[in-house]
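Chain by chain, the residues:
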Amino acid sequence: MRILLLASAFNSLSQRLYAELRERRHLVDVQLAGDDDELRASLARLQPDLLLAPMLRTAIPQDVWSALTCLIVHPGPPGDRGPSSLDRAIQDGRAEWGVTVLQAEAEMDAGPVWAWAPCRLPERGKSDLYRNEVSDAAVAAALLAVERVASGCHTPQPQHGPGWRHPVRTRPLLRQEERRIDWAGDSTGTVLRRLRAADSQPGVLDALCGGEWYLHGGHREPVLRGRPGELLATRAGAVCRATPDGAVWIPELRRRRTPGGPATFKLPAVTALGALLPPVPEVPVPLMPGGREGAAWSDIRYREDGPVGFLRFSFPGGAMSTDHCRRLLEAYRFAAARPTSVLVLGGGRDFFSNGIHLNVIEAAPDQAAESWANITAMDDLVAEVLTTTDRLVVAAVAGNAAAGGVMLALAADEVWCRHGSVLNPHYRLMGLYGSEYWTYTLPRRVGAAEAERLTRQALPVSAAAAGRIGLVDRVLDCGPQEFGPSAARLAGLLAASPAAQRRIAAKKAAREADERAKPLEAYREEELAVMHRQFFTPESPYHALRSAFVRKRPAPAGSAAPM
């Protein structure tokens, strides 16, 4: 079929459905919502058989849904209605939820149901759940609905009448009044549910250090205690705030926008507060924690299981600032000095990495200089992985990865990803040529022609397609909770394989041969020469594209980077 994807943003779910539908040989076009006349013009030009809306903040015009089958992907089970379905489920502490694909009609979320799929909601943030359990359910339900539409013989189930077995719940938008935290009265569990239900957007509006801020994300603190609402400590850019029965770590803050002022954006909490932060201690945890320290939150962790080392990292939104890169490099060097034969990099649930931290760069007094510091720090990290020749390195990509994050994974000897992962191995949409040794690693894996196609077309790649073209070595068909344990078992088998030592020796010889043919430093210098021009030339499209992305404005027309 010819399918038009209508979305308010080409977000993770929209990208995944785009890639999955193309895998099944459907013709797929994408239209961003917002201008109804543009939508009508696209429909007239493309003549699709179906409109599918995986992420939509506005209503589809009546003349469109009355003339064409339009399916809405709603992040709630059958009968659930309203714009804050997932937010309310998380804030209410629901453990089981679902995703419904229903037909657009005049009443929002009230159309007949074409398909639905259940999902679990473990205690995670909304954005993590949306990209994992909810995304899995949404894809399963959407693909089934598309199959049923294509068959021409399926009748969707109306949300009324004798055949309807689900309660109907219409709930309003979850506003800040209902999200508000009572630091003196709310338990740690209640605080965490409110923070997790708003972790990506919209955040929880709160007063802090004399200002108004949106709080984004939350993690439990097992040891630190203080007066409820008080800031107790910092760690890895996050702040720790006391509750009546414990404390929580808040990784990111966003200043409340002043009327008529510029759009604000999320930053690491310590960076956002700046001079407003009171004199509280930095309380780190060991890279290899033990005892009660094992329950403490940290964005970088290392552990061992016999001959296998596991270096996990998890940065909000997958963005890696200069500080993130330098701390991860230090941790990697520690892990690479341990007596192991296999080192697993990653393996968490959510984003692997999306490359440099555009928000931190946007907030810097010298954006070009911070861009340069960030990309060179990323290069230092990737170089360390590429030059590890005394063990096998596996990149375990549980979630999505993009730009330099994909290239970080490609520096490893093997790349394993979950079947639901979406990869974007390109930089062009941010007006950049790219670095992280991609001109060495990407053609080495997929060939020069495929590397050129991936970076020029700048389209999302499904896990299945990535495996087919050699971008990844193994696709694990498992849920997000099972990916880490599954990767650990496979890493143990890899370490125990009689061929492991032969592979390490062959890897070392291949790296030495490649270095003789063209040193890694030459790739780096060539890439960074282009990046330097793009960072330090004021009229470079990168600056306008970065600012638009960070502040959630439409990208300037014709701003892609030349290749």
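Residues numbered from 1 in each chain as written. Predicted model: local features only at pLDDT ≥ 70, side-chain atom pairs only at ≥ 80, totals over all residues. Heavy atoms only, no water.

J.: How do you make sense of the pairing of strand 9 (residues 204-208) when you look at a structure like this?
T.: The side chains of a regular strand alternate between the sheet's two faces. With four of five residues buried, strand 9 lies mostly within the body of the structure. Taken together, the five bridges between strand 9 and strand 10 (residues 211-216) define a ladder with antiparallel strand orientation. Across the sheet, Asp-206 pairs through a bridge with Trp-213, a residue of strand 10. (Buried < 20%, exposed > 50% of the residue type's maximum accessible area, 1.4 Å probe, protein only. Helix = DSSP H or I, 4+ residues; strand = E, 2+ residues; numbered from the N terminus. Pairing = 2+ DSSP bridges.)

J.: In this structure, what is going on with the side chain of Gln-31? I would like to understand it.
T.: You can see Gln-31 is positioned in strand 2 (residues 27-32). Look at Gln-31 and you get buried, because its relative accessible area is 10%. A polar side-chain atom of Gln-31 sits 2.5 Å from a polar atom in the side chain of Ser-42. Among all residues touching Gln-31, those that are not within four sequence positions of it are Leu-4, Leu-5, Leu-6, Ala-7, Glu-38, Leu-39 and Ser-42. (Polar contact = N/O pair within 3.5 Å; in protein donor to acceptor, adjacent residues only side chain to side chain. Contact = heavy atoms within 4.5 Å.)

J.: How should I be thinking about the sheet that holds strand 15 (residues 252-255) in this particular structure?
T.: Through backbone hydrogen bonds, the strands of a sheet pair up, either in parallel or in antiparallel fashion. As summarised here, the arrangement of the four strands in space is 9-10-15-16, forming an open sheet in which the pairing is antiparallel. Edge positions in the sheet fall to strand 9 and strand 16 (267-268), since each has one partner strand and no second. Pairing geometry for strand 15 and strand 16, over two bridges, is antiparallel. Residue pairing in the sheet places Leu-253 in a bridge with Leu-267 of strand 16.

J.: Which parts of the structure should I look at to understand helix 20 (residues 541-550)?
T.: Residues spaced three or four apart along an α-helix face the same direction, because each turn holds 3.6 residues. Of all 10 residues that make up helix 20, seven are buried, and the element is covered over most of its length. Structurally, helix 20 contributes buried residues whose contacts are with helix 11 (358-363), helix 12 (367-386) and helix 19 (520-536). In the stretch just after helix 20, Lys-552 is the one whose phi turns positive, near 55°.

J.: Sorry, what's going on with the pattern of salt bridges here?
T.: If charged atoms from side chains of opposite charge come close, those side chains can pair. Going through the model one piece at a time under the given rule, you end up with 38 salt bridges. Taking the shortest distance from any N to any O, the salt bridge between Lys-126 and Asp-87 comes out at 2.9 Å. Note that Lys-126 is positioned in helix 5 (residues 126-131) and Asp-87 in helix 4 (residues 85-91), a separation of 39 residues in sequence. With relative accessibility at 8%, the residue Asp-87 sits in the buried group. Linking Arg-456 and Glu-452 is a salt bridge whose minimum nitrogen-to-oxygen distance equals 3.0 Å. Of this pair, Arg-456 and Glu-452 both sit in helix 15 (residues 448-457), separated by four residues, roughly a single helical turn. Assessed through its relative accessible area of 39%, Arg-456 is described here as partly exposed. When its relative accessible area of 39% is taken as the criterion, Glu-452 is described as partly exposed. (Salt bridge = Lys/Arg side-chain N within 4 Å of Asp/Glu carboxyl O.)

J.: Hey, could you run me through the packing of helix 12 against helix 19 in this one?
T.: Between two packed helices, both the angle of their axes relative to each other and the distance between the axes serve to describe the pair. Across the interface, helix 12 lies against helix 19 with an axial gap of 10 Å and an inter-helix angle of 165°. As judged from the angle between their axes, helix 12 and helix 19 are roughly antiparallel. When the axes of helix 12 and helix 19 are compared, the crossing they make is right-handed. Of helix 19, the residues touching helix 12 (which contributes Ala-368, Ala-369, Ser-371, Trp-372, Ile-375, Thr-376, Asp-379, Asp-380 and Leu-386) are Leu-520, Arg-524, Leu-528, Met-531, His-532, Phe-535 and Phe-536. Its residues assigned to classes, the contact of helix 12 with helix 19 shows 10 nonpolar, three polar and three charged. (Axes fitted to C-alpha atoms, helices over the stretch in contact; angles between N-to-C directions. Parallel < 35°, antiparallel > 145°, perpendicular 65-115°, else oblique. Left-handed = near helix turned anticlockwise from the far one by under 90°. Nonpolar A, V, L, I, M, F, W, Y, C, P; charged D, E, K, R; others polar.)

J.: Honestly, the environment of Arg-428 in this entry has me stumped. Any pointers?
T.: Tracing the sequence through the fold places Arg-428 in the loop between strand 23 (422-424) and helix 14 (438-446). Sequence separation between Arg-428 and Asp-136 is 292 residues; the distance between their C-alpha atoms is 28 Å.

J.: Help me understand unusual backbone geometry in this model?
T.: Negative phi characterises most residues that are not glycine, and trans characterises most peptide bonds. Cis peptide bonds are those with omega within 30 degrees of zero, and the linkage from Gln-201 to Pro-202 qualifies with 0°. The residue Glu-436 is not glycine, and still its phi comes out positive at about 60°. Here Glu-436 shows up in the loop between strand 23 and helix 14. Located in the positive-phi region is Ala-458, a residue other than glycine, with phi close to 55°. Mapped onto the elements, Ala-458 comes out in the loop between helix 15 and strand 24 (461-462).

J.: Just to check I follow, could you spell out the packing of helix 1 (residues 12-23) against helix 6 (residues 133-151) for this structure?
T.: Here helix 1 crosses helix 6 at 45°, and the two axes come no closer than 10 Å. Classified by the angle between their axes, helix 1 and helix 6 sit oblique to one another. Viewed along their axes, helix 1 and helix 6 form a crossing whose handedness is right-handed. Only Ser-135, Asp-136, Ala-138, Val-139, Ala-142, Leu-143 and Val-146 of helix 6 make contact with helix 1, whose side of the interface consists of Leu-13, Arg-16, Leu-17, Glu-20 and Leu-21.

J.: Help me understand the sheet that holds strand 22 (residues 414-418), please; the structure alone is not making it clear to me.
T.: Within the open sheet, the six strands sit side by side as 17-18-19-20-22-25. Their pairing is mixed. Edge positions in the open sheet fall to strand 17 (300-305) and strand 25 (474-476), since each of these has one partner strand only. Recorded for the sheet is a direction-independent mean angle of 20° between the axes of neighbouring strands. Sheet topology places strand 17 next to strand 18 (residues 308-313); six bridges connect them, and they run antiparallel. Of the residues in strand 18, the one forming a bridge with Glu-304 is Gly-309. Where helix 18 (residues 500-517) meets the sheet, it contacts strand 20 (392-397) and strand 22, and its direction lies at approximately 95° from that of strand 20.

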